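Listed here are the chains, written in short residue letters.
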Amino acid sequence: MTPNPFVMHSRRFFVLTFCLGIFFSQTVSAGDASLGRQKAMMACAVCHGPMGLASMPSAPHLAGQVPDYLAEQLKNYRSGKRAHEVMAVIAKQLTDDDIANLAAWYASIKISVEPNP
Ligand code: HEC
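Notes on the structure in this doc start here. What you see is a predicted model, and the numbers here were worked out from it, not measured in a lab. Along each chain, numbering runs from 1 in the same order as the chain's sequence is written. Where local features are concerned, this predicted model is filtered to residues with pLDDT of at least 70; where side-chain atom pairs are given and counted, the filter is 80 or more; whole-chain, interface and lining totals use all residues.

This brings us to the site of the ligand. Nearness between a residue and a molecule or strand is assessed with a C-beta atom placed from the backbone; a distance within 6 Å qualifies. Close contacts around the ligand come from 18 residues, with Ala43, Cys44, Cys47, Ala59 and His84 the closest. By definition, any uninterrupted DSSP run of H or I lasting at least four residues is a helix, any uninterrupted run of E lasting at least two residues is a strand, and each is numbered from the N terminus. Where the shell around the ligand is concerned, the elements lending two or more residues are helix H2 (33-43), helix H3 (45-48), helix H4 (67-79) and helix H5 (85-92). Here the nonpolar group is Ala, Val, Leu, Ile, Met, Phe, Trp, Tyr, Cys and Pro; Asp, Glu, Lys and Arg are the charged ones; every other residue, Gly included, is treated as polar. Of the residues contributing to the shell around the ligand, the split by class is 14 nonpolar, four polar and no charged.

In structure tokens form, the structure reads like this:
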């Protein structure tokens, strides 16, 4: 008997969704979004906006970004792996907890997108 491709795909999809579920629930709960928000209001909002929508043209939006990506970029600025004069200075003052909290805060902001008609 040949395997039913639909059953195989849905099983694979289930396994994938399940793994992503574990992955995201762990990464999101790793930081405290409300502590991150407090920190962000003081240290980041002037450029990245109070809700993570950038308020200066050279700064990127952070709202709704994947937390792992945010955390990795902040660690890269801190270590010098990613070079940027301003962000390097800012990231050097952040602890691992700060980074996890900030990533959780920006990731927790709900965004919606609308394609042009
Ligand atoms: C003085 C303005 C300024 C402040 C304050 C600032 N940033 Fe930035 N940030 C920038 C700019 C400009 C870039 C783009 C840097 C580059 O080109 O790599 C950036 C890039 C980033 C990125 C990379 C985003 C991406 O899409 O790769 C992250 C994450 C980030 N900032 C987080 C923060 C956090 C968290 C804080 C507060 C602790 C903060 N920034 C404070 C100006 C600022």
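In this section: H2. Burial is judged by counting other C-beta atoms within 10 Å of a residue's own C-beta: 20 or more means buried, 12 or fewer means exposed, and anything between counts as partly exposed, with every C-beta placed from the backbone. Of the residues making up H2, those classed as buried are Ala33, Gly36, Arg37 and Ala40. Angularly, the buried residues of H2 cover 105° about the axis, an arc narrow enough to put them on a single face. Set apart from the buried face of H2 by more than 90 degrees, the exposed residues are Ser34, Gln38 and Met42. Placing a C-beta atom from the backbone of each residue, one calls two residues in contact when those atoms lie within 7 Å. Looking at the buried side of H2, the elements it contacts are H3 and helix H6 (96-108). Throughout, the arc means that of the directions going from the helix axis to the C-beta atoms.

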